[in-house]
Structure formats: C-alpha cells, structure tokens
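If you want the building blocks of each chain, they are given just below.
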Amino acid sequence: MQINGEFIAFFVLSIFAIGGAVLLMNLVRVVHMALALAFTLLSIAGIYLLLNAEFLAVVQVLIYTGGVSILMLFGIMLTRHRDQEGDSVRPWHNLLSFLGVGSFLGIVIHTIYNAPLTEITAEVGTFSTAWLGEAVFKQYVIPFEAVSVLLLIALVGAVILARKESKP
Amino acid sequence: MPITSYLALSAILFSLGLYGVLTKRNAVVVLFCIELMLNAANINLVAFSKYGLYANQTGHVFTLFTITVAAAEAAVGIAILIALYRNRNSVKADHYNMMKG
C-alpha cells in the first residue's frame, strides 16, 4: 500500500469518524454527545467525497450535520438534559454487551479480510450528479414517489404524536 | 485505497453504534447511536458503488433513499420520545416499562 494523498485523507477522516464515535460513547453530558455525533457525520461526508460521491457528501452535510443534529438538539432541550449519564444499575450488562459486540466485530472484520473482493474500480470519471438526477427521476421514479409519501406521513405523524394532548 | 478499508471502517462504526444502543440509558443517546449505525450501512453502499464487479452509480440512488428514510425515522423517534417524556417525566430507557407483562 503506497502512501499517497488518498491514503492520508482516508486515514485522517477515519480517525476523525471513529474518534467522534468513541467520544459519543464516553462523554458525560448529552449535549457534548450531540456535538461528537455531528463531528462523526461530517467526517463521513468527507469519506463520501473520497468515494467520488460529491452529491451525497453535500446531502450528508445538509441533512445529517445540519438537520438531524438540530432535531436531536431539540429533543435534548425539550427533555431533561441536566442529569448525566450515570452508572448502569447492572454493571455486568456493560461487560456482556462489550463482549458480544466485540466478538461480532471480530467475526465481521475476519470475514471482510478473507472475502474474495475484487479490486476492480468503476469508471469514476462517468460519475455525475446529472446522471444521478436522471436515474432518480426516470428509472426510480416510483420509489421516489413512495418516499415522498413516506415523508409526508412521517411529518403528519410526528405532529400528531408530539402535540399536546387535550384534556377530555 | 482497497475496498476492505472502507468496509472495516463501516464495521467499526456499526459496532460502536450497536454497543451504544445496548448500554446507554438515555433514550436520546440511543437515537444518536441508531443514526450512527444507519450511516455505517450507507458507507458500505457508497463503497460498493465505486469498487466491485458491477460497480456503478446506482448505489448512490440507494443511499439517497436510505438517507430520506433515516430522516423520517429520526423525526418520528423524537416525536415519540417527547410524548413519552410528557407522560412519564423521564428519558431513561429502562423507565419505559408500561408494556412489561
């Protein structure tokens, strides 16, 4: 593996992403956790740029780093956020989860590094946002409409769920 | 870059999210970790749209739909959480045991 710009960029971005996720696990205040999550999502947008997915990188910044983080901050501020993430009542539960997730990660990494994956790279020069738009609005127009209906239903459902219930 | 690096990064992020879902007690933080797991899956989709036997840009379309569904899920999740908080006055996930038999 030769050291080139792509390797350095991938290394730095993945360190940022994993570091943000580890901070998300270890920080105490919930607002700090939201900041760590936003940092991780921003690094994932950089990973998309490395994979020649420019439009997806911008969408990731707009929706996740912008929209979902702010939505989560609303969720934190509207509920009780002053109490801190205390110790678990069942200390063996954390250890058991750690062992389970660790063995899962080990199996997945072992499978990935032994799988016969090809080194064929797509012709990234042909990747374009224009192609993406044509595909979404021609070939995938039915899923697109279904997703728009889903978004509308989610909007209405969220308003109904979070509305203050009137006392009968 | 070999594709295995991207897949390994995605697996690590997914495992961290899974660990958070299993251990965190604050329901908002559990929602954070679910978002992290969805993003880890998206990295796989985009990586396979660049590397692989039949690599083409269709993977980006799939990721766009995943991001949309994840945004809808986050909105409904926060709404359910606020309704639960209003009724139970707590955000601890292990206090929500109304449906326990």
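Residues numbered from 1 in each chain as written. Chains lettered and ligands numbered in written order. Predicted model: local features only at pLDDT ≥ 70, side-chain atom pairs only at ≥ 80, totals over all residues. Heavy atoms only, no water.

- You'll find chain B entered in an unreviewed UniProt entry as NADH-quinone oxidoreductase subunit K, with Melghirimyces algeriensis given as the organism.
- According to its UniProt record, chain B has this under Catalytic activity (unreviewed entry): "a quinone + NADH + 5 H(+)(in) = a quinol + NAD(+) + 4 H(+)(out)". (UniProt positions renumbered as here; feature names shortened; annotations may be inferred.)

- In the annotation of an unreviewed UniProt entry, the entry for chain A reads NADH-quinone oxidoreductase subunit J, and the organism field reads Melghirimyces algeriensis.
- The Sequence similarities (unreviewed entry) field of the UniProt record for chain A holds the comment "Belongs to the complex I subunit 6 family."

## Overview of the UniProt feature "transmembrane region" (unreviewed entry) in chain A
Now for step 1: Sequence positions flagged by UniProt for "transmembrane region" (unreviewed entry) are, in local numbering, residues 6-27, 34-51, 57-79, 91-113 and 140-162 of chain A.
Now for step 2: Annotated as 96% helix and 0% strand, the span residues 57-79 of chain A places its first and last C-alpha atoms 31 Å apart. (Helix = DSSP H or I, 4+ residues; strand = E, 2+ residues; numbered from the N terminus.)

## Some points on the pattern of salt bridges
Residue and element names in this part refer to chain A.
Now for step 1: Scanning the model with the defined rule gives one salt bridge over all chains in all.
Now for step 2: Here Glu134 ties to Lys138 by a salt bridge, and the two come within 3.9 Å at their closest N and O atoms. Of this pair, Glu134 and Lys138 both sit in helix α5 (residues 129-139), separated by four residues, roughly a single helical turn.
Now for step 3: With a relative accessible area of 61%, Lys138 lands in the exposed category. (Salt bridge = Lys/Arg side-chain N within 4 Å of Asp/Glu carboxyl O. Buried < 20%, exposed > 50% of the residue type's maximum accessible area, 1.4 Å probe, protein only.)

## Some words on helix α3 (residues 58-88) of chain B
Now for step 1: Across its 31 residues, α3(B) extends 45 Å between first and last C-alpha, which sits within 8% of the 45 Å expected from 1.5 Å per residue.
Now for step 2: Phi turns positive one or two residues past the end of α3(B), at Asn89(B), with a value near 60°. (Expected span 1.5 Å × (residues − 1).)

## Considerations on the packing of aromatic side chains
Now for step 1: A complete count under the given rule lists seven aromatic pairs over all chains for this structure.
Now for step 2: Plain terms: the ring middles of Phe98(A) and Tyr19(B) are 5.9 Å apart, the flat faces sit at 85° to each other, and that makes the pair edge-to-face. Note that Phe98(A) is positioned in helix α4 (residues 91-114) and Tyr19(B) in helix α1 (residues 3-23), a pairing that runs across two chains.
Now for step 3: Taken together, the ring pairs in this structure connect Phe10(A), Tyr6(B) and Tyr51(B) into an aromatic cluster. (Phe/Tyr/Trp six-rings, centres within 6.5 Å; stacked < 30°, edge-to-face > 60°.)

## Some details on the packing of helix α2 (residues 27-50) of chain B against α3(B)
Residues and elements named next belong to chain B.
Now for step 1: Running from amino to carboxyl end, α2 crosses α3 at an angle of 175°, the nearest separation of the two axes being 9 Å. Here α2 lies roughly antiparallel to α3, going by the angle between them. Residue-level inspection shows Ala27, Val28, Leu31, Ile34, Glu35, Leu38, Asn42, Leu45, Val46 and Ser49 of α2 in contact with α3, the latter providing Gly59, His60, Phe62, Thr63, Thr66, Ile67, Ala70, Glu73, Ala74, Gly77, Ile78 and Leu81.
Now for step 2: Classifying every residue of the contact of α2 with α3 gives 13 nonpolar, seven polar and two charged. (Axes fitted to C-alpha atoms, helices over the stretch in contact; angles between N-to-C directions. Parallel < 35°, antiparallel > 145°, perpendicular 65-115°, else oblique. Contact = heavy atoms within 4.5 Å. Nonpolar A, V, L, I, M, F, W, Y, C, P; charged D, E, K, R; others polar.)

## Some details on the environment of Phe127(A)
Now for step 1: Its place among the elements puts Phe127(A) in the loop between α4 and α5.
Now for step 2: Residues Phe127(A) and Glu54(A), 73 residues apart in the sequence, show an inter-C-alpha distance of 9.3 Å.
Now for step 3: Residues in contact with Phe127(A), not counting those within four places in the same chain, are Asn52(A), Ala122(A), Ser49(B), Asn56(B), Gln57(B) and His60(B).

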